[in-house]
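# Examining the three-dimensional arrangement
One-letter residues, chain by chain:
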Amino acid sequence: MIERFTLAAALLVACASTPPTANPPPPPPPPDTLPTGFSLKVQVVTGGLSSPVHLTAPAGDARLFIVEQVGRIRIVKGGQLLAQPFLDITGRVGSGGERGLLSVAFHPNYAANGFFYVNYTDLNGDTRVERYSVTADPDHADTGTAKLILGVAQPYANHNGGHILFGLDGMLYIAMGDGGSGGDPQGNGQSLATLLGKLLRIDVDGGNPYAVPPDNPFVGQAGARGEIWAYGLRNPWRIAFDRTAALLFIADVGQNAYEEVNVRPAGVAGLNYGWNVMEGLHCYASASCSATGLTLPALEYSHADGCSIIGGFVYRGRVIPAIAGRYFYSDYCSGWLKSVAITNGTASAPVTWPVGSLGSVLSFGEDAQGELYILSASGTVYRIVQG
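Residues numbered from 1 in each chain as written. Predicted model: local features only at pLDDT ≥ 70, side-chain atom pairs only at ≥ 80, totals over all residues. Heavy atoms only, no water.

### Some thoughts on the sheet that holds strand S15 (residues 238–242)
Here we have four strands laid out as an open sheet, ordered S15-S16-S17-S20, and antiparallel in their pairing. Both outer strands of the open sheet, S15 and strand S20 (299–302), are each paired with one neighbouring strand and no more. Looking at each pair of strands side by side, their axes are set apart by 10° on average, direction ignored. Pairing of strand S17 (residues 258–265) with S20, which is carried by four bridges, proceeds in the antiparallel orientation. What sits directly across from Glu260, in S20, is Glu300. (Pairing = 2+ DSSP bridges. Helix = DSSP H or I, 4+ residues; strand = E, 2+ residues; numbered from the N terminus. Axes fitted to C-alpha atoms, helices over the stretch in contact; angles between N-to-C directions.)

Next comes the structure, spelled out in structure tokens:
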């Protein structure tokens, strides 16, 4: 979990007068400036939750599914928090500090197969990615359908990463921290022999329990794990795909000085994001280092402005068109709400939104309509709305 917390296909339509193009035009860049007088505010959706760390929804579903760190998934339906959890696996989850039930991902074909996946820390302190099925009652899952998809041993109690989500390509992406302690003492970030300190990409439909996609970058390389999509990560607590611009965002929690957001095209594989050679844009372990071969962040900030980045999403909803294409993020210690526009891999100057006190922000959420939410350690879920 966070430090110091104790997709794109384009439809080409041919016509007689205009031949189809090989590549669709890119989406327009988000505006660097906003309309005069434009503002945002937050609106309470629900409260009384226990450490809400993730919020999502299946495609086309009006409900909100909220992950509680202790091992429950709750539902907000018709504006009301249901009393009975959708899933309760508290007896299997080792919760506390940076451990716990950390995220849920619904299969792209969830409406037909009822499959969803969770990432949690078990009672031994290790990472488990499991699949479950919904029951005939759409508000309740069957805890007896648990199937282990991937297990990863954790050497320390922190830096679990914990986010899973399906990419634009239908593959399941799994964000893994470097294993913990401080400074990556095992060198996991730069080692291709371990799944720690990586972004993984697996095919949950192509094998039992999964298949390694043949186009993963290190398939067939001696000594490397084929599941790896990207490496050089410290604690990627939250990641996101911008389905319109086909970008991947990785918000990676820093060590002692800098927080970072990495932004690259979603289909680019095998990138090395630099940890523990670098922390953000700066050398970490020595006074000088080489950035050759490393992918540097699009955005960083120092610990003068916070302590642990909480990555969010690019806004692609329809209710607030003025912020379309802007990436929203926060910080666990500072609790501010900021956004940037990303153009050609470069972030604009951040906009800080005066939304009031959010407390310790744990995570962001996105519903099926693309609207954005903020999850606070106070147990409150907020929706971002126009001011």
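### Examining the pattern of salt bridges
In a structure, side chains of opposite charge can pair up when their charged atoms sit close to one another. Tallied over the full model, the rule gives twelve salt bridges. Here Arg63 ties to Asp61 by a salt bridge, and the two come within 2.7 Å at their closest N and O atoms. Residue classification places Asp61 among the buried positions, given a relative accessible area of 14%. A salt bridge links Arg63 to Asp139, with the shortest nitrogen-to-oxygen separation between them at 2.7 Å. Here the residue Arg63 occupies a position in the loop between strand S2 (52–56) and strand S3 (64–68), and Asp139 occupies one in the loop between strand S9 (127–134) and strand S10 (141–152), the gap between them amounting to 76 residues. Taking relative accessible area as the criterion, Asp139 reaches 9% and is therefore assigned buried. Here the salt bridges share partners, and the residues they tie into one network are Asp61, Arg63, Lys77 and Asp139. (Salt bridge = Lys/Arg side-chain N within 4 Å of Asp/Glu carboxyl O. Buried < 20%, exposed > 50% of the residue type's maximum accessible area, 1.4 Å probe, protein only.)

### A short note on the environment of Val355
One can find Val355 in the loop between strand S25 (351–353) and strand S26 (361–366). Distance in space between the C-alpha atoms of Val355 and Glu130 is 37 Å, their sequence separation being 225 residues. Beyond its immediate sequence surroundings of up to four residues, Val355 is in contact with Leu40, Lys41, Val42 and Leu337. (Contact = heavy atoms within 4.5 Å.)

### A word on the sheet that holds S10
Spatially, S7-S8-S9-S10 is the arrangement adopted by the four strands of the open sheet, whose pairing is antiparallel. Edge strands, defined here as strands with exactly one partner in the open sheet, are strand S7 (101–106) and S10. Between one strand axis and the next, the sheet turns by 25° as a mean value, whatever way the strands run.

### Overview of the state of the cysteines
Considering all chains together, one arrives at two disulfides under this definition. Bridging Cys283 to Cys289, the disulfide has an S-S length of 2.1 Å. Between Cys283 and Cys289 the disulfide shows an S-S torsion of about -95°. By sign, it is left-handed. Sequence-ordered numbering of the bonded cysteines in the chain gives a pairing of 1-2, 3-4. (Disulfide = S-S within 2.5 Å.)

### What about the pairing of strand S8 (residues 115–121)?
In terms of burial, S8 is largely enclosed, as six of its seven residues are buried. Where S8 meets S9, seven bridges bridge the pair, whose relative direction is antiparallel. Counterpart to Phe116 in the pairing with S9 is Tyr132. Here S8 folds back onto S9, and the loop between the two strands holds five residues, one of which, Gly125, carries a positive phi near 90°.

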